[in-house]
Amino acid sequence: MNGANTVVIVIQSYRSEEVPEWITRSMGSVRRWAEECGALYRSYGDAELLAGISDSFKGKLSGGGRCWRI
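Counting from 1, residues in each chain are numbered in the order their sequence is written. Since the coordinates come from a predicted model, pLDDT governs what is reported: local features require at least 70, and pairs of side-chain atoms require 80 or more to be given and counted, while whole-chain, interface and lining totals use all residues. By convention in this description, side-chain values take in all heavy atoms of the structure and omit both hydrogens and water.

Chemist: Whenever I open this one, helix α1 (residues 21–36) confuses me. Can you help?
Modeler: The periodicity of an α-helix, 3.6 residues per turn, causes residues three or four positions apart to be oriented the same way. Secondary structure is summarised from DSSP: a helix means a run of H or I of at least four residues, a strand means a run of E of at least two, and numbering begins at the N terminus for each. Any helix carries an expected span of 1.5 Å times its number of residues minus one. The end-to-end C-alpha separation of α1 is 23 Å, in line with the 22 Å expected for 16 residues at 1.5 Å each. Listed in full, the buried residues belonging to α1 are I23, M27, G28 and A34. Take α1 and look down its axis: the buried residues cluster within an arc of 135°, on one side only. Facing away from the buried side of α1, by more than 90 degrees, are the exposed residues W22 and E36. In this structure, the buried side of α1 is in contact with β1 (9–14) and β2 (40–45). Downstream of α1 by one or two residues, G38 has phi in the positive range, about 85°. Only protein chains enter the accessibility calculation, which uses a 1.4 Å probe; a residue is then buried when its area is under 20% of its type maximum, exposed when over 50%, and partly exposed in between. This arc corresponds to the set of directions leading from the helix axis out to the C-beta atoms. Between two residues, a contact is recorded if the distance between any of their heavy atoms is within 4.5 Å.

Printed below as a string of structure tokens:
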């Protein structure tokens, strides 16, 4: 997957409390896939991931079928 000078980072986020088991399994399969491909993998709670992003930019993230609830 990686070229000589390419770093691939897979970032997933989901709420960090009351995570359904099927979400945990799904995220685990993505983590394993990323590791097998040589990519870096990071998982964050939604609030943690979005903590450093301005409110005006967060407003832009809510379009296109994605809804961030913090």
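Having put the structure on the table, let's press on.
Chemist: I keep staring at the side chain of D46 and nothing clicks. Help me out?
Modeler: Relative to the helices and strands, D46 resides in helix α2 (residues 46–50). Counting rule applied: Lys, Arg positive; Asp, Glu negative; His and chain ends not counted. The rule for a salt bridge is simple: a side-chain nitrogen of Lys or Arg has to be within 4 Å of a carboxyl oxygen of Asp or Glu. Within the buried set, D46 has no salt-bridge partner at all; the shortest N-O distance to an opposite charge, 7.6 Å, is to R15. In this structure the side chain of D46 is engaged in a polar contact, spanning 3.1 Å, whose partner is the backbone nitrogen of Y14. Pairs of N or O atoms are called polar contacts if they sit within 3.5 Å, as long as, within protein, a hydrogen donor faces a hydrogen acceptor (for residues adjacent in sequence, only side-chain-to-side-chain pairs).

Chemist: When you look at the pattern of salt bridges in this model, what are you seeing that I'm missing?
Modeler: Side-chain pairing between opposite charges can occur once the charged atoms of the two side chains come close. All told, the structure shown has two salt bridges when counted by the stated rule. Here R25 makes a salt bridge to E21, at a shortest N to O gap of 4.0 Å. Of this pair, R25 and E21 both sit in helix α1, separated by four residues, roughly a single helical turn. With its nearest N and O atoms 3.4 Å apart, the salt bridge here joins E35 to R31. With E35 and R31 both in helix α1 and four residues apart, the pair spans about one turn of that helix. Note on R31: relative accessible area 31%, which makes it partly exposed.

Chemist: It is not clear to me how the side chain of Q12 should be interpreted in this structure. Could you clarify?
Modeler: Here Q12 shows up in strand β1. Setting aside chain neighbours within four positions, we find Q12 in contact with M27, V30, Y41, R42, S43 and Y44.

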